[in-house]
Amino acid sequence: MGDDLSGVVYAVRLGRKAQAVSRQNIVFSIALLAVLVPSAILGLLTVAIAVTAHEVAEIIAVLNGLRARAPGSSKGPAGS
């Protein structure tokens, strides 16, 4: 990196974006569990369906997390 501080700016932007995506994933996961667990306990959903829904939600969270590293989502150091 040397004397070029553009890498610091890039790192801060990437960190903020990653933090925002992480918050989204946490809120989504907690909200989904708040629905799935009571539904499974009350018998509205079978445990297998609740677990499957949770696993699909985890895949969605991973795909959402990939947005932070998407090409062109944020300029890299020195505009690369």
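This text goes with the structure placed above it.
Structure report, in brief. (Residues numbered from 1 in each chain as written. Predicted model: local features only at pLDDT ≥ 70, side-chain atom pairs only at ≥ 80, totals over all residues. Heavy atoms only, no water.)

So, about the overall build of the chain. Helix and strand counts for the chain stand at 2 helices and 0 strands. Across the 80 residues of the chain, 14% fall into the buried class. By sequence separation, contacts in the chain at least 24 residues apart represent 68% of the contacts at least 6 residues apart. Carbon and sulfur atoms make up 70% of the accessible area of the chain, which amounts to about 5800 Å² in all. (Helix = DSSP H or I, 4+ residues; strand = E, 2+ residues; numbered from the N terminus. Buried < 20%, exposed > 50% of the residue type's maximum accessible area, 1.4 Å probe, protein only. Contact = heavy atoms within 4.5 Å. Areas by Shrake-Rupley, 256 points an atom, 1.4 Å probe, with all protein chains shown as cover.)

Take the side chain of N64 next. With respect to the helices and strands, N64 occurs in helix 2 (residues 47-65). One polar contact links N64 to N25, side chain to side chain, over a distance of 2.8 Å. Within the local environment of N64, its side chain forms a polar contact with the side chain of R67, the two groups lying 2.6 Å apart. Every residue in contact with N64, bar those within four places of it in the chain, is listed here: V21, Q24 and N25. (Polar contact = N/O pair within 3.5 Å; in protein donor to acceptor, adjacent residues only side chain to side chain.)

With that out of the way, let us pick up the environment of A40. Of note, A40 is situated in helix 1 (residues 6-41). Expressed as a C-alpha distance, the spacing of A40 and V51, which sit 11 residues apart in the sequence, is 9.4 Å.

A contiguous nonpolar patch, built from L33, V37, I41, L42 and L44 and spanning about 540 Å² of accessible area, is present on the exposed surface. You can see I41 is positioned in helix 1. Given a relative accessible area of 68%, I41 falls into the exposed group. (Patch = residues over 30% accessible without salt bridge, like charges linked within 9 Å, V, L, I, M, F, W, Y side chains within 5 Å. Salt bridge = Lys/Arg side-chain N within 4 Å of Asp/Glu carboxyl O.)

Moving on: helix 2. Taking 1.5 Å per residue, 19 residues should reach 27 Å; helix 2 reaches 27 Å between its end C-alpha atoms and fits that length. When helix 2 is considered as a whole, its buried residues turn out to be A50, A57, A61 and N64. Across the axial projection of helix 2, the buried residues extend over an arc of 60 degrees, all falling on one side. Along helix 2, the residues that are exposed and aim more than 90 degrees away from the buried face are A48, I59, V62 and L63. Buried-residue contacts for helix 2 involve helix 1. (Expected span 1.5 Å × (residues − 1). Arc of directions from axis to C-beta.)

For the rest of this paragraph, the subject is the packing of helix 1 against helix 2. Orientation of helix 1 relative to helix 2, taken along the N-to-C sense of each, is 175 degrees, at an axis distance of 10 Å. Classified by the angle their axes make, helix 1 and helix 2 are roughly antiparallel. Judged by residue contacts, V21, Q24, N25, F28, L32, L33, L36 and A40 of helix 1 engage A50, A53, H54, A57, I60, A61, N64 and G65 from helix 2. Considered class by class, the residues forming the contact of helix 1 with helix 2 number 11 nonpolar, 5 polar and no charged. (Axes fitted to C-alpha atoms, helices over the stretch in contact; angles between N-to-C directions. Parallel < 35°, antiparallel > 145°, perpendicular 65-115°, else oblique. Nonpolar A, V, L, I, M, F, W, Y, C, P; charged D, E, K, R; others polar.)

Any functional reading would require information that these geometric values do not contain.
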